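Listed here are the chains, written in short residue letters.
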Amino acid sequence: LDLSQLSKNDILYIGFNQDQSCFAVGCRTGFRVYNCSPFKETFSRELEGGGIRHVEMLFRCNIFALVGAANNGRFPPNKVIIWDDQRRKDIGELSFRHEVKSVRLRRDKVVVVIEYKVLVYKFSDLVCTHEIDTVSNLKGLCALSPSSHQTVLACPGSHKGHVRVELFEARRTNKIEAHASHLSCLALNLDGSRLVTASEKGTILRVFDTHSGKPLQEVRRGAQAAQISSLSFNPTSTLLSCSSIRGTVHIFSISEDDAVRQTPDGGPPESAPKGGEEGPSSHTSNSRSSLAVLGGMVHYFSSQWSFAKFRVPETDALTVSCFSGEANQVMVLTSTGHIHTCSFDPDGAPGQDARATNTVSFLEQDKGQAGATDTAAAVEDDD
């Protein structure tokens, strides 16, 4: 999550690595890496030449892709620096005429996003192999599967609301009409078989099969529009977390056999998913309104809503969330420099409030004042 235009503190970027075992923080003076469980700072690097507004990790290895914030610094916003932290030096560089919006890494590829293009490079020699045209993509939306078994890339297509999916091994491109309005967020699961998307309205999330382009499930985050800041599957792709700029995190159950007909963003579903109310097990299911039985004009009420939700206690905090290595837990990073560990009950009632069992300020830890607290949070019904 790029915070360089919104930051009120030292943080310019926050984001998890590919397997969500640690996270990186871009700062005005360098970058830091933290282990998630148990929480601890792994290392901190002070770099001359301006702040770092994007830090892309490659699992837990010593290679990073860095994008800076200062036009006249060592790390300018139009360059991607491949950084070897073991040697404490840059080992590669990609330069562009325009500002880099985001970077994605896997062991054999470097993917760079600029406003109207997604460029794919071989990691070994930084030779460009693919150049993909997109609509204006100021958020740098792009997802790259980390699996060694198949390479899948998802990015905005050439029309608003469309997603282009590249299946590299199959040498096939799928084009998905995901939403009627512009995309706000998208994500792939670990093996690249599932894609989830959100539009700029942020009320409806849609899950697709990447190989067929078929819509699998549609869930509703809320009734009011909100910008989605992150989407993340759990390792088995049975759960989905969604963070919004409202400071809320929603958790949805994802069914493998659901299939729905797409509906206008913010509008009612045209048909209930084939999977019914059941999620990945008989215990975990999304919330549904009791008015769903009325049908007709109130199909809106038959939407699948989140089965668990959480609101961060910090005011005006932007969030990024993912699933913890521990069962039934979600980790939430905030722009205020906190990490919350939230627990939910898979056997509990749909619509339950998740509880923050642990909260740590990693900004305070940098000053030697780390603190962990037990907290609980309430969530507004319409978000």
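These numbers come from a predicted model, not from an experiment.

(A) Region of interest: the sheet that holds strand 20 (residues 215–220). Ordered by their spatial adjacency, 5 strands build an open sheet running 17-18-19-20-24, and the pairing between neighbours is mixed. Of all the strands in the sheet, just strand 17 (183–188) and strand 24 (304–305) have a single pairing partner and so form its edges. In terms of strand pairing, strand 17 meets strand 18 (residues 194–199) through 5 bridges, oriented antiparallel. Paired with Leu 188 across the bridge in strand 18 is Leu 195.

(B) Here's a closer look at the pattern of salt bridges. In the structure shown here, the tally under the stated rule is 15 salt bridges. Among the salt bridges present, the one from Lys 122 reaches Asp 125, with a minimum N-O distance of 3.7 Å. Since its relative accessible area comes to 40%, Asp 125 is described here as partly exposed. Several salt bridges share partner residues, and in doing so they unite Arg 53, Glu 99 and Lys 101 into one network.

(C) Structural context of the packing of aromatic side chains. Inspection of every chain in the model, using the stated rule, returns 12 aromatic pairs. Plain terms: the ring middles of Phe 23 and Phe 39 are 6.3 Å apart, the flat faces sit at 20° to each other, and that makes the pair stacked. Taken together, the residues Phe 23 in strand 2 (residues 22–27) and Phe 39 in the loop between strand 3 (30–35) and strand 4 (40–46) connect sequence positions 16 residues apart. Given the relative accessible area of 0%, Phe 23 is considered buried. Considering the side-chain rings of Phe 96 and Tyr 121, the 6.4 Å spacing of their centres and the 70° angle between planes classify their relative orientation as edge-to-face. Note that Phe 96 is positioned in the loop between strand 8 (89–95) and strand 9 (102–106) and Tyr 121 in strand 11 (residues 117–122), a separation of 25 residues in sequence. Just as Phe 96 is buried, Tyr 121 falls in that class too. Taken together, the ring pairs connect Phe 16, Phe 23, Tyr 34, Phe 39 and Phe 362 into an aromatic cluster. Over the ring of Phe 59 we find Arg 107, and its NZ or CZ is 4.2 Å from the ring centre.

(D) Local environment of the confidence of the model for the chain. Model confidence for the chain is summarised by a mean pLDDT of 84, while 81% of its residues fall at 70 or above. The low-confidence segment residues 258–263 (pLDDT under 50) makes 34 contacts with residues lying over four places distant or belonging to another chain. Here residues 266–283 scores under 50 on pLDDT; set against residues more than four positions off or in separate chains, the count is 47 contacts.

(E) A look at the environment of Arg 220. As for its position among the elements, Arg 220 is in strand 20. For the pair formed by Arg 220 and Ser 306, sequence separation is 86 residues and the distance between their alpha carbons is 7.3 Å.

(F) Spatial organisation of the pairing of strand 6 (residues 63–68). Burial analysis of strand 6 places 6 of its 6 residues in the buried class, the great majority of the element. On strand 6, burial covers both faces: Ile 63, Ala 65 and Val 67 on one face and Phe 64, Leu 66 and Gly 68 on the other are all buried. Bridging between strand 5 (residues 52–57) and strand 6 involves 5 bridges; their strand directions are antiparallel. Bridged to Val 55 within strand 6 is Leu 66. From the end of strand 5 to the start of strand 6, which pair antiparallel, there are 5 residues, and Phe 59 there has a positive phi angle of about 50°. Taken together, the 4 bridges between strand 6 and strand 7 (residues 79–84) define a ladder with antiparallel strand orientation. Paired with Ala 65 across the bridge in strand 7 is Ile 82.

(G) Summary view of the environment of Phe 123. Mapping Phe 123 onto the fold places it in the loop between strand 11 and strand 12 (128–133). Leave out the neighbours within four places in its chain, and Phe 123 touches Leu 58, Ile 63, Ile 82, Leu 105, Arg 106, Arg 107, Asp 108, Lys 109 and Val 110.

(H) Seen up close, the environment of Leu 144. Structurally, the position occupied by Leu 144 is in strand 13 (residues 143–144). In this structure Leu 144 touches Arg 104, Leu 105, Arg 106, Val 111, Thr 151, Val 152, Leu 153 and Leu 188, once residues within four positions along its chain are discounted.

About the criteria used
Residues numbered from 1 in each chain as written. Predicted model: local features only at pLDDT ≥ 70, side-chain atom pairs only at ≥ 80, totals over all residues. Heavy atoms only, no water. Pairing = 2+ DSSP bridges. Helix = DSSP H or I, 4+ residues; strand = E, 2+ residues; numbered from the N terminus. Salt bridge = Lys/Arg side-chain N within 4 Å of Asp/Glu carboxyl O. Buried < 20%, exposed > 50% of the residue type's maximum accessible area, 1.4 Å probe, protein only. Phe/Tyr/Trp six-rings, centres within 6.5 Å; stacked < 30°, edge-to-face > 60°. Lys NZ or Arg CZ within 6 Å of the ring centre and 35° of its normal. pLDDT = per-residue confidence, 0-100. Contact = heavy atoms within 4.5 Å.

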